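So you can see what is in the structure, the chains are spelled out below.
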Amino acid sequence: AAPYSESLSEEEEEEEPEPDSPEPEPESDEEEEKRKKKKKKTEDSPEPASDDTKGKLRKALKGIILGSDLEELTKRKCREKLSETFGEETVGENKEFIHDTLSKLIEEIQGTG
């Protein structure tokens, strides 16, 4: 009777880890996908615009801010107006710069006004 119980316990031991292993894998796959997406965003990020382009964007942003009601102005509206002049690609490539510059310009304008 002893050899039979031994082989039974070995089978139980082998079967137990298998059901557990597939469950965590989908979670780690999802986490991996999220990480890959984040990496893609940073890896696929276009090269930053030249100083000349940034200067032009800053000047255009200042004009947009000065010609707009700050209560109704949004980042999206600014980007849309910039897209008319610079194109969607340039605006998309410089979105972070535009947002940072927009915040700084509004602070400057409100500080002096």
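The model shown is predicted, which means the values in this text are computed figures rather than measured ones. (Residues numbered from 1 in each chain as written. Predicted model: local features only at pLDDT ≥ 70, side-chain atom pairs only at ≥ 80, totals over all residues. Heavy atoms only, no water.)

## Observations concerning the overall build of the chain
Here is step 1 of the chain: A tally of helices and strands in the chain yields seven helices and zero strands.
Here is step 2 of the chain: Taken from N to C terminus, the helices and strands of the chain fall in the order α-α-α-α-α-α-α.
Here is step 3 of the chain: A burial count over the chain gives 16% of its 113 residues as buried.
Here is step 4 of the chain: Considering only residue pairs separated by 6 or more positions, the chain has 62% of its internal contacts joining residues 24 or more positions apart.
Here is step 5 of the chain: When the accessible surface of the chain is totalled, it reaches about 9,300 Å², and 46% of it is carbon and sulfur. (Helix = DSSP H or I, 4+ residues; strand = E, 2+ residues; numbered from the N terminus. Buried < 20%, exposed > 50% of the residue type's maximum accessible area, 1.4 Å probe, protein only. Contact = heavy atoms within 4.5 Å. Areas by Shrake-Rupley, 256 points an atom, 1.4 Å probe, with all protein chains shown as cover.)

## A look at helix α4 (residues 51-66)
Here is step 1 of the chain: Here α4 contains 16 residues, and its C-alpha end-to-end distance of 22 Å stays within 8% of the 22 Å for a straight helix at 1.5 Å per residue.
Here is step 2 of the chain: For α4, every residue scored as buried is listed here: Leu-57, Leu-61, Ile-64 and Ile-65. For α4, the buried positions fall inside an angular range of 95° around the axis, keeping them on one side. In α4, the exposed positions angled more than 90 degrees off the buried face are occupied by Asp-51, Lys-59 and Leu-66. (Expected span 1.5 Å × (residues − 1). Arc of directions from axis to C-beta.)

## Let's talk about the nonpolar core
Here is step 1 of the chain: Among the nonpolar cores identified, the biggest contains 11 residues, and these are Leu-57, Leu-61, Ile-64, Ile-65, Leu-73, Cys-78, Leu-82, Val-91, Ile-98, Leu-102 and Leu-105.
Here is step 2 of the chain: At the level of elements, α4, α5 (75-86) and α7 (95-112) are the ones that each hand at least two residues to this core.
Here is step 3 of the chain: Contact partners of Ile-64, with chain neighbours within four places excluded, come to Leu-73, Cys-78, Lys-81 and Leu-82. (Core = buried A, V, L, I, M, F, W, Y, C linked by side-chain atoms within 4.5 Å.)

## Comments concerning the side chain of Ser-68
Here is step 1 of the chain: On the secondary structure map, Ser-68 appears in the loop between α4 and α5.
Here is step 2 of the chain: Here Ile-64 takes part through its backbone oxygen, which lies 2.6 Å from a polar atom of the side chain of Ser-68.
Here is step 3 of the chain: Among all residues touching Ser-68, those that are not within four sequence positions of it are Leu-73 and Lys-81. (Polar contact = N/O pair within 3.5 Å; in protein donor to acceptor, adjacent residues only side chain to side chain.)

## Points about the pattern of salt bridges
Here is step 1 of the chain: Scanning all chains against the criterion turns up two salt bridges.
Here is step 2 of the chain: Linking Asp-52 and Lys-56 is a salt bridge whose minimum nitrogen-to-oxygen distance equals 3.5 Å. Residue Asp-52 and its partner Lys-56 are both found in helix α4; the two are separated by four residues, about one turn of the helix.
Here is step 3 of the chain: Take Lys-56: its relative accessible area is 47%, and that puts it in the partly exposed class. (Salt bridge = Lys/Arg side-chain N within 4 Å of Asp/Glu carboxyl O.)

## Details of the packing of α4 against α5
Here is step 1 of the chain: The N-to-C vectors of α4 and α5 enclose an angle of 130°; their axes lie 10 Å apart at closest approach. The angle between the axes of α4 and α5 places the two elements in the oblique class. Considering how the two elements wind past one another, α4 and α5 form a crossing that is right-handed. For the pair α4 and α5, the contacting residues are Lys-56, Leu-57, Ala-60, Leu-61 and Ile-64 in the first and Cys-78, Lys-81, Leu-82 and Phe-86 in the second.
Here is step 2 of the chain: Here the contact of α4 with α5 is built from residues that sort into seven nonpolar, no polar and two charged. (Axes fitted to C-alpha atoms, helices over the stretch in contact; angles between N-to-C directions. Parallel < 35°, antiparallel > 145°, perpendicular 65-115°, else oblique. Left-handed = near helix turned anticlockwise from the far one by under 90°. Nonpolar A, V, L, I, M, F, W, Y, C, P; charged D, E, K, R; others polar.)

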